[in-house]
Structures are given as C-alpha cells and as structure tokens.
Amino acid sequence: MRTAVSLGLTMTLAATSASAFESTRTLPQGVRNLNLKGVYTTANEKSNPEGKAISLAEPLWKPLKFKNILSTEEDPLKRTQLEGFLLQQGLSKEQSVGDFQANLSARINVWAPILAWGLTDKLTLAVAVPYYSTSTDIQPGFRTNAGANDFFARLTTPSMNNYAAALDAQERFQDAVGRLNNKLRKYSYQELSYWNQSGWGDTTLALKALTVDQDVLKMAVTAGLVAPTGRKENPRILTDLPYGDGQWDLFSQLTFDQKLGADFFVNQFAKYTYQAPDKRVIPWKTAEESIEVPVNATRFKYGDKVDAGVSVQMEQDSTGATGGLGLLYFRKFGDRFTVEDPAVKSELQRWSDQQSQYAQAKVGYTTVPAYRRKEFAAPLSVSLEYRRQLVSRNMPINDFAQMDFNLFF
C-alpha cells in the first residue's frame, strides 16, 4: 500500500502577512500600541491547478495495486502464492483492486500579539509572534473495484476452487485502511487519525516609515524580516499543520493613502516577500511511493510571495465608527528543490505555485478621536473583519474571520 507523505497543508491556511486593511499611519514618537489580532478559519477542500475544488485529502485518493499488496505481505509463502497466481492468470502487478479515499477537515485559530513603538512621528517599529491552535480530522476509507471482483471470481472458479484464499483476500481488502496504518507505524509515521497541537509561530520584525505626508496623498515604506521561530512541518505526520516554514524571509511593502473627504480614504498596498534558500532532511517521495523512500538532506528554495490590495475605508471622528470594503490578491511562486531524480523533484514541487483573491469587509469603533477631545479615558479601538475567498489555485478553499483589539499607551 502507498500513500502521499504530506497533504499540502501549509500555513497559507492562516497566512496573516496580507492581512486585513492597510494604511500609511505611523505612531507618534514615544507612543506604543498593543494589537491583539485573532484569526479563525476552517477548510475541507482545496483548489487544483485548474482552480476546481477537490478534497484536502486528495493525495490519499490513490489506487491499491497488486504490487502494493505484495510489498506489504509479511508471510513469504502467501506472497509467493499470490505471485504465482497472478502469473498463472496473466494478471499484471499494476492492476488496481480498489481505491483509497479520505475526507479531511482542518481548523486553525491564531492569536497574534503585535507590539509597535513610535521611534519618531514618521517611523514605527513593530514585532509580532503568533500563537496557533490547530487540529485536523481525517476519515480514511477504501472501496474495491471491478479488478477486485475479477480477482475473486478467478479464485472461485471450479478449476481453482480456492474459496479460502478468496475469503482471506476479501478480509484484507476490508482491512485496507488498517493495513495502511500498520505500514505507516512500521516506517515511523503517525497513523491517520485526529491530530491537534498548539504553539508559537514565526516572529515578524518590521520597520515602517511615512515618506510622503501630504493632505491628499500619503505613502509609507515598510521593510522587515521573518525569523524561523515556529515549529516546522513534521514529515512523519501526514496531516501536520506547521507554524513556520523553517527559513528566513525578507519583505518590503509600499502603501498609499488618498483622502476622499473628511471621513473616507482609498488605500493601495503591494508587498514582496523573499524566501531565503535553506537545507533540510526530507523524504524523497515520488508519485508512486512515498513511505518506503530514502530520507536525504536536500537544498530547497520556497517560492517568493506577492501580496497586494485595494480598499475604501471610513474613519468618522465624530462618532468613532470605522469600516471598509476591499479586495486582496496573493501569489506564491513555485518551490525549487535541488534533486537530480526527476520523479522526486516533480513530486516535491507539485502544486507549489499558488494564487488567490479575497473580498474583505470591516466594521469597528475607535475612541482615539474622543480621547484627543478628552471625552474618553483611554485610546483604544476594536474591529471585526471577514474575508471571503473569490478564486484560488493550488490553495485551501477557506474564508477568514478576524478580530483586532488595539490599545495605545
């Protein structure tokens, strides 16, 4: 039996790098801001290269062939008998007797404390360390096909009269998932079952400078890095959700605001993230086999990322009401692995070029104008946001709910 190591559940499920509504605003000198950001999302489907929805567990939707049964048969006599029967009947070891299927759901809850400090009126330093609570639930199954029916029929013909072998094969097919889990345990993989874990993610450090500050037009430049402090993907857990990708990132962003009136402005931003190359010990899986494979130190470079967005936002000083509507765009270029075997390289880089678009809406309230008028005791704000995925390619199909609480001091 074979399966695919890794279901492709990366932290694109809960990426907050292109999060929410941007602005050119920086903190006044000496003022600090604590932002508690909460993001929640679920997914049970992903998009393929054509943008069509398929199961998150698609890598497990594989055929069970005679050669897979032979490779897991521990009894030498039974293995020899099966090989002899296939040869006698003219059956190919590549013939399928059924298909593995699975349903997979993932849940991610992220709380990200973000601390910012105004170094000057136009220069702000910020650091963020997200905390993840994640779980995956998988329901694997197996269904025989016409190949299995033909196999049973051949065993029970009057000339063969091998009902005992037919019953034994039928029991093995009925326990195909159990035998798959046995193989996973044999090769030190975690069996297919419910999984959950919590932990800290990668740390982001950013410096934002307000470079153009006019009445109608404002522009800010942001630069920063992402340090690999989060837990990396465990290749021995097929449904693992990592909290970081294990290597350093550098990013820069341009943000523009154009004032439309007393309460409204238009925002545009574009961000580029460079993912540095690295080296890691990983299984050299292929489309045909991903359990009984060599594990080697491998050089790789994850694809760089582009985030962009446009929005119309409202901030009403008289009431403190805030809100916005916008669109977000995300693109990650394909990964590159330094591997000479084309079958291994193809599988490692499979479907790693990703793209998505979201519509977003926000409502909120701020006491900052009232605090400046000495009508409120503390400057703070709270907002709720919802992001709806419009289209995607090679990504989980999921929407986001987000809450932000800001305290200025």
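Criteria and cut-off values
- Once a new chain begins, its residue numbering starts again from 1 and follows that chain's sequence as written.
- Side-chain atom pairs in this predicted model are given and counted only at pLDDT of 80 or more, local residue features only at pLDDT of at least 70, and totals for whole chains, interfaces and linings cover all residues.
- Water and hydrogen atoms play no part in the side-chain values, which are based on all heavy atoms of the structure.
- By the criteria applied, helices consist of DSSP H or I runs no shorter than four residues and strands consist of E runs no shorter than two, each listed in order from the N terminus.
- Partly exposed residues are those whose accessible area sits between 20% and 50% of the maximum for their type, while under 20% is buried and over 50% is exposed, using a 1.4 Å probe and protein chains only.
- The contact definition used throughout considers only heavy atoms, calling two residues in contact when any of these lie within 4.5 Å.
- Only the protein chains shown count as cover for residues, and all accessible areas are computed by the Shrake-Rupley method using a 1.4 Å probe.
- Lys and Arg are tallied as positive, Asp and Glu as negative. Neither His nor the chain termini are counted.
- Where a charge lies is defined by one atom per residue type: Lys uses NZ, Arg uses CZ, Asp uses CG and Glu uses CD.
- Whether two aromatic rings pair depends on their centres lying within 6.5 Å, for rings of Phe, Tyr and Trp, where Trp uses its six-membered ring; planes under 30 degrees apart make the pair stacked, over 60 edge-to-face, and the rest tilted.
- Charge-over-ring contacts are defined here by two conditions on Lys NZ or Arg CZ: a distance within 6 Å of the ring centre and an angle within 35 degrees of the ring normal.
- One requirement defines pairing of two strands: DSSP has to find at least two bridges between them.
- Directions are taken from the helix axis to each C-beta atom, and the arc is the one they span.
- Polar contacts, as used here, are pairs of N or O atoms within 3.5 Å; protein pairs need one atom able to donate a hydrogen and one able to accept it. Residues neighboring in sequence count only if both atoms are side-chain atoms.

Colleague: An account of the overall build of the protein chain is needed here, citing residue identities and associated values.
Modeller: Scanning the protein chain from terminus to terminus reveals seven helices and 20 strands. When its C-alpha atoms are laid out on the principal axes, the protein chain stretches across 95 × 40 × 30 Å. Here the protein chain holds 409 residues, and 46% of them are scored as buried. For the protein chain, restricting intrachain contacts to residue pairs at least 6 apart in sequence, the fraction spanning at least 24 positions comes to 72%. Of the roughly 19700 Å² that the protein chain leaves accessible, carbon and sulfur atoms contribute 57%. Here the protein chain holds 46 positive side-chain charges and 43 negative ones, and the gap between their average locations is 2 Å.

Colleague: Tell me about the packing of aromatic side chains, and name the residues and values.
Modeller: This structure, assessed with the given rule, holds eight aromatic pairs. Each member of the aromatic cluster is reached from another via a ring pair, and the members are Phe66, Phe85 and Phe151. A cation sits over an aromatic face here: Arg236 above Tyr189, 4.6 Å from the ring centre. The positively charged end of Arg387 is found above the aromatic ring belonging to Phe400, 4.9 Å away from the centroid.

Colleague: If you had to explain the pairing of strand β9 (residues 203-213) to someone new, which residues and values would you point to?
Modeller: Note that strand β6 (residues 123-128) and β9 share six bridges and pair antiparallel. From the neighbouring strand, Thr124 faces β9, where its bridge partner is Lys208. Bridge analysis of β9 against strand β10 (residues 217-227) gives ten bridges, and the strand direction is antiparallel. In the strand pairing of β10, Asp213 is matched with Lys218.

Colleague: Any chance you could break down the sheet that holds strand β13 (residues 278-283) for me, citing the residues and the numbers?
Modeller: An order of β13-β14-β17 is seen for the three strands of this open sheet, with the pairing classed as antiparallel. The sheet terminates laterally at β13 and β17 (336-337), the two strands that pair on one side only.

Colleague: Any details on helix α5 (residues 176-186)? Residues and values, ideally.
Modeller: All of the buried residues along α5 are Ala176, Val177, Arg179, Leu180, Asn181, Lys183 and Leu184. Once α5 ends, the next one or two residues include Ser188, with phi positive near 65°.

Colleague: Give me the lowdown on helix α3 (residues 146-155), citing residues and values where you can.
Modeller: Every buried residue of α3 is listed here: Gly147, Ala148, Phe151, Phe152 and Leu155. Seen from one end, α3 has its buried residues packed into an arc of 135°, which puts them on one side. By the N-cap criterion, in which a side-chain oxygen at the helix start approaches the backbone nitrogen of a residue two or three places on, α3 is capped by Asn145, the distance to Gly147 being 2.9 Å.

Colleague: Provide a residue-level description of the environment of Trp351, including the pertinent values.
Modeller: Looking at the secondary structure, you find Trp351 in the loop between α6 (342-348) and β18 (354-366). Residues Trp351 and Pro49, spaced 302 residues apart in sequence, show a C-alpha to C-alpha distance of 6.8 Å.

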